[in-house]
Amino acid sequence: MQQLLQNINKGQLTVTEVPAPVARRGEVLIANACSLVSAGTERAAIGLAKKSLLGKARARPDHVRRVLEKVRNEGLSSTVRQVRAKLDEPMSMGYSSAGVVIACGEAVQAFRPGDRVASNGSHAEIVSVPEHLCARIVGKTGFDHAAFAVLGAIALQGVRLSRLVLGETAFVVGLGLVGQLTVALLRAAGCRVIGTDPDASKCELAKQMGCEIALPNVSGEDVEAATGGLGADAVLITASTASNGPVNLAAAAVRQKGRVVAVGAVGLELDRRPFYFKEAEFVVSCSYGPGRYDPDYEDRNRDYPAAYVRWTEQRNMQAVLDLMGNGRLDVSPLISHRFPIERAGDAYDLIESGAEPYVGILLEYPRQENSEPRRRVELRSPSRNGKLPIGVLGAGNFARTVLLPALQKCKQLEPAVLCSAGGVSAQSAGKRFGFATATTDAESVFEDERLKAVLCITPHDQHAEQVIRAIRSNKHVFVEKPLCLTEQDLFDIEETLADAVDTPPIVAVGFNRRFAPAVIQIKEFFTRVDAPLTVSVRFNAGPLAADHWSQDEETAGGRIIGEACHAIDLATFLTGSPPVRVFAEAIGGPTAPQVRDDQCFITLRHANGSISNVAYLSGGDRSYPKERVEVFGGGQIAVLDDFRSVTTCVGGRSRRHKFAGQDKGHVAQIQAFAAAISGTATPPIPWEEIRAVSLASILAVRSLREGVPFDVI
């Protein structure tokens, strides 16, 4: 299928052939008929992308702070590599489209194939959109009109926040696309509307949309004169400018105890005095309404009860479509241009050049017949170089910045097929890392008899199912940690391995730290020690918001199963013995944060009598080094500092070895897996240790809940 993508590094726009997405759980797969170009937002994105690296940094100081933090924690070369990789990623354009449902993911209830819907889908022939970001097209409304639903919802949310009622006066500052829709919605609500914009043609259009007065350069005095000295009951700022002018104008035009609503992105250096003397309110509208940017609502489909949140973003979209369906909202005057998707570049050239007036620019897509969407794109001819061909599931940030570069360095493996549910990441990463094929069909990866192994770098809740599927397909499998999220998942994997015919496939888990040069040095240092060891592993994990994906136990397992498993495996490797008992405690008390599991201590007893302690701590400062490991036993001590140095002490003498970079073993673990599946080495981690570490991680969380230790059996 064709999709419009932007290169973040240089700003180029291209219509690219990518695999069609799949409808994941809670998502609706839509064949687009039309999508609307949001000129203001998309022009700003293009402008930012075309800036130099310094210009980008000045525009996004928040990103600069995150980069500097990465430099402190991971080193300059690693950070530069990750930043360059991020800049090379393509960005999907567009967020307001309409089309026909062609499939529904698991748990979708509101829609069925054949339904006509509007969504926040991108400029692409086929999009997969969360259920709560879709709304049903009403009556005979055309797709070209329905494509305005998302921008209409943005305007409607501003109108709702204005609290205007029948007969009151609104002053709309900025008469671009959102401003025009705001005018039309206010008029439909029975309000008197005054508008202003520097462009006289937009003022004339606003009169068609319902403005009683619309002129360039309207002043606060003009609004007072038009309202008998009262002023506007509410001012809605729909302009897009860094200037404070719209806010100052709003302060002058709003009546005493009135309300100003900022819908567009404008300068917000408020002069307190006019707001103080008028006791006027100022609010900022957030996109299309309640639910926007809430992962529980958008990604996990957890709706807000209408009795408590009457107008969510989905219900705002539906209200706009209802108004279109009953003839109370006509957007036909706003459609100025139409382009087929293959000529999308011409549409953006028009926006950038300003060669002719424009308002609503539509991109149109060829009608999708009943044929199956194309979910596979060939990127190059298959190689015949004697390497072992493998498939990779997942092309997210960690895959692109860490594991795929590690795979690229492995001379024994041939990157054959890269799969991701969205398609864009598979196409772009596949091309960058030399894959022959990009696809969104995971099942085809398991069915491909050419592939000897599968690498799973997918969301955590998919790991167990994919490992089982790989084993049943008689494919070796490397899965990024964690192996699974529940005890039942672990038992199912173990049972599947037991049922495997002949020699079961190798199962490897991304416990990379045991492959790090610094860790191997410590392991060798204690080779001759027979006494039990005591190991302390401290993770300065850094705080994450309660709604961060990694905190969700259902999909990520939480941070203990999802990341502290690294520390449990590291302790297992250093002691040379699997854990047999686990106990964990986290912080508590009335002042503790909402999520407490990620500030805990985990104590492990190992089969050989060694003990270890994992301190997984998120309550500190990220600027401090992340990981420290201390090992004691047999009259010896070894200390690892953030994979940058190792200090050893024995016989009253200390030695410190510094490493050139922060190597955490990612490349070495892939090479060890490659050697194992080629038959030249044993599995990189014994299954008994993978099982024990995975179970200990799961039981550590259970120990936090129940307050008792558990045997790892």
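What you see is a predicted model; the values in this text were computed from it and never measured.

Visitor: Before we move on, could you go through the sheet that holds strand S14 (residues 281-284) and cite the residues and values that matter?
Guide: With parallel pairing, the 6 strands of this open sheet are ordered in space as S11-S10-S9-S12-S13-S14. Whereas interior strands pair on both sides, the edge strands pair on one side only; in this sheet they are strand S11 (213-215) and S14. Across the sheet, the mean angle separating the axes of adjacent strands is 15° when strand polarity is ignored. Note: strand S10 (residues 192-196) against S11, 3 bridges, orientation parallel. Directly across from Thr196, in S11, lies its bridge partner Leu215. Sheet contacts for helix H6 (residues 149-162): strand S12 (232-237), strand S13 (254-262) and S14; angle to S13, the most-contacted strand, approximately 155°. Along the sheet, helix H7 (residues 177-188) makes contact with strand S9 (169-173), S10 and S12, crossing S9 at roughly 170°.

Visitor: Hey, could you go over the packing of aromatic side chains for me, with residue numbers and the actual values?
Guide: Following the criterion strictly, the structure yields 6 aromatic pairs and no others. For the pair Phe275 and Phe282, a centre-to-centre distance of 6.0 Å together with 90° between the ring planes defines the contact as edge-to-face. Classification of Phe275 as buried rests on a relative accessible area of 11%. Using a relative accessible area of 23% as the deciding quantity, one classes Phe282 as partly exposed. Over the ring of Phe143 we find Arg116; its NZ or CZ atom is 4.8 Å from the centre of that ring. Above the face of the Tyr293 ring, Arg292 is positioned so that its terminal group lies 4.6 Å from the ring centre.

Visitor: An account of H7 is requested, with residue identities and associated values reported.
Guide: Under the 1.5 Å per step criterion, the end-to-end length of H7 is 17 Å for 12 residues, consistent within 8% with the ideal 16 Å. Extensive coverage of H7 is indicated by the burial of 10 of its 12 residues. Residues of H7 that are buried: Leu177, Val178, Gly179, Gln180, Leu181, Thr182, Val183, Ala184, Leu185 and Leu186. Note on H7: the residue one or two positions beyond its end, Gly190, has a positive phi of about 85°.

Visitor: Let's hear about the nonpolar core: which residues, and what values?
Guide: In this structure, Leu483, Ile493, Ile560, Leu574 and Ile602 are the most contacted members of the largest nonpolar core, which totals 77 residues. Ile602 has contacts with Ile560, Ala564, Val582, Phe583, Ala584, Ser612, Asn613, Val614 and Ala700, leaving out every residue within four places of it along the chain. In this structure, Leu36, Tyr95, Phe148 and Ala155 belong to the second largest nonpolar core, which totals 73 residues.

Visitor: Give a detailed account of the side chain of Thr439, specifying residues and quantitative values.
Guide: Examined against the element boundaries, Thr439 turns out to sit in strand S20 (residues 437-439). Thr439 gets classed as buried once you look at its relative accessible area, which sits at 1%. A polar side-chain atom of Thr439 sits 3.0 Å from the main-chain amide nitrogen of Asp441. Here Thr439 is in contact with Pro19, Arg375, Arg376, Val417, Leu418, Cys419, Ser420, Ala426, Ser444 and Val445, once residues within four sequence places are set aside.

Visitor: Please set out the pattern of salt bridges residue by residue, giving values where relevant.
Guide: Considering all chains together, one arrives at 38 salt bridges under this definition. The salt bridge involving Arg292 is made with Glu298; its shortest N-O contact spans 2.8 Å. Using a relative accessible area of 9% as the deciding quantity, one classes Glu298 as buried. Where Glu494 meets Arg691, a salt bridge forms, and the shortest distance between an N and an O atom there is 2.9 Å.

Criteria and cut-off values
- Residues numbered from 1 in each chain as written.
- Predicted model: local features only at pLDDT ≥ 70, side-chain atom pairs only at ≥ 80, totals over all residues.
- Heavy atoms only, no water.
- Pairing = 2+ DSSP bridges.
- Helix = DSSP H or I, 4+ residues; strand = E, 2+ residues; numbered from the N terminus.
- Axes fitted to C-alpha atoms, helices over the stretch in contact; angles between N-to-C directions.
- Contact = heavy atoms within 4.5 Å.
- Phe/Tyr/Trp six-rings, centres within 6.5 Å; stacked < 30°, edge-to-face > 60°.
- Buried < 20%, exposed > 50% of the residue type's maximum accessible area, 1.4 Å probe, protein only.
- Lys NZ or Arg CZ within 6 Å of the ring centre and 35° of its normal.
- Expected span 1.5 Å × (residues − 1).
- Core = buried A, V, L, I, M, F, W, Y, C linked by side-chain atoms within 4.5 Å.
- Polar contact = N/O pair within 3.5 Å; in protein donor to acceptor, adjacent residues only side chain to side chain.
- Salt bridge = Lys/Arg side-chain N within 4 Å of Asp/Glu carboxyl O.

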